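Letter by letter, the chains look like this.
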Amino acid sequence: GAVVSQHPSRVICKSGTSVKIECRSLDFQATTMFWYRQFPKQSLMLMATSNEGSKATYEQGVEKDKFLINHASLTLSTLTVTSAHPEDSSFYICSALRTGGNSPLHFGNGTRLTVT
Amino acid sequence: KQEVTQIPAALSVPEGENLVLNCSFTDSAIYNLQWFRQDPGKGLTSLLLIQSSQREQTSGRLNASLDKSSGRSTLYIAASQPGDSATYLCAVSNSGNTPLVFGKGTRLSVIA
């Protein structure tokens, strides 16, 4: 149990376009999901906290107008990278917290974004 | 602000050797600590989870210890195999509903 599905696993897009990444909790409800970004040979850095039915909370230095997060249901959060640039190329990974908290975070398999 | 440090950054060992990976964190008031494995270009595989009240967890050839008061954890891998080659990440959570804070990882290479 406790499976998190992230889609797509890889995406290549042209500079200036937008890309949507989906994170789904398949067998549990997740009020809260976290979005991380990982640059090559770096650690995972938290970008934002996504809460169902409310606005996401962004970490310092992360542009909320560029990285749009929508958490419209208890099993789905989406991250949209708007007007992508080559410097946005990175590995994006989501994690979901089972509603009720106090449980391990479950991670998706990540999305490799390459902006050309 | 919680910070997690992992030493060494990279490690290369011959097959069969036992090894220890180190993790330290600045705020000892953690809720739990997790060790993950990450293969190149892939997601995370959870290896061991230690609650703040626990001192160690074991799974197969892996043993993780936690010394909360000193802000340290170790991951012990026994009889290493080439298939253990990966990056190992340590991460801590300060409460049951907050995100994990990750270290930069230790890149392990086990040479056949």
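Asker: Go over the interface of chain A and chain B with me, naming the residues and quoting the values.
Answerer: Facing 18 residues of chain A, the contacting portion of chain B comprises 18 residues. Both faces considered, chain A and chain B share a buried interface measuring about 1400 Å² in area, 59% of it formed by carbon and sulfur atoms. Applying the counting criterion to the chain A and chain B interface returns zero salt bridges. Our count for the contact surface shared by chain A and chain B stands at three residue pairs in polar contact (both at pLDDT 80 or more).

Asker: Which residues make up the nonpolar core, and what values do they have?
Answerer: Within the largest apolar cluster, 24 residues are counted, with the highest numbers of intra-cluster contacts made by A:Trp35, A:Phe67, A:Leu79, A:Tyr92 and A:Leu113. Going through the elements one at a time, β2 (10-13), β3 (19-25), β4 (32-38), β5 (45-51), β7 (67-73), β8 (76-81), β9 (90-97) and β11 (111-115) of chain A are the ones with two or more residues in this core. Setting aside residues up to four positions removed in sequence, A:Leu113 forms contacts with A:Val11, A:Cys13, A:Val19, A:Val81, A:Asp88, A:Ser89, A:Ser90 and A:Tyr92. Counting 22 residues, the second-largest nonpolar core is a separate cluster that includes B:Phe25, B:Ile50, B:Ile77 and B:Cys90.

Asker: Describe in detail the packing of aromatic side chains, supporting the description with residues and values.
Answerer: The geometry of an aromatic ring pair is captured by two quantities: the separation of the ring centres and the angle between the planes. What the rule picks out here adds up to six aromatic pairs over all chains. Arranged with centres 5.5 Å apart and planes meeting at 90°, the rings of A:Tyr36 and B:Phe102 form a pair that is edge-to-face. With A:Tyr36 in strand β4 and B:Phe102 in strand β10 (residues 101-102), the pair connects residues from two separate chains. The interplanar angle of 80° and the centroid separation of 5.9 Å between the aromatic rings of A:Phe107 and B:Phe102 together place this pair among those described as edge-to-face. One end of the pair, A:Phe107, is in strand β10 (residues 106-107); the other, B:Phe102, is in strand β10, on a second chain. No difference in accessibility class separates A:Phe107 from B:Phe102, as the two residues are buried. An aromatic cluster is defined as three or more aromatic residues linked by ring pairs; in this entry it consists of A:Tyr36, A:Phe107, B:Phe36 and B:Phe102.

Definitions and limits used
- Residues numbered from 1 in each chain as written.
- Chains lettered and ligands numbered in written order.
- Predicted model: local features only at pLDDT ≥ 70, side-chain atom pairs only at ≥ 80, totals over all residues.
- Heavy atoms only, no water.
- Contact = heavy atoms within 4.5 Å.
- Buried area = accessible area lost by both parts, 1.4 Å probe.
- Salt bridge = Lys/Arg side-chain N within 4 Å of Asp/Glu carboxyl O.
- Polar contact = N/O pair within 3.5 Å; in protein donor to acceptor, adjacent residues only side chain to side chain.
- Core = buried A, V, L, I, M, F, W, Y, C linked by side-chain atoms within 4.5 Å.
- Buried < 20%, exposed > 50% of the residue type's maximum accessible area, 1.4 Å probe, protein only.
- Helix = DSSP H or I, 4+ residues; strand = E, 2+ residues; numbered from the N terminus.
- Phe/Tyr/Trp six-rings, centres within 6.5 Å; stacked < 30°, edge-to-face > 60°.

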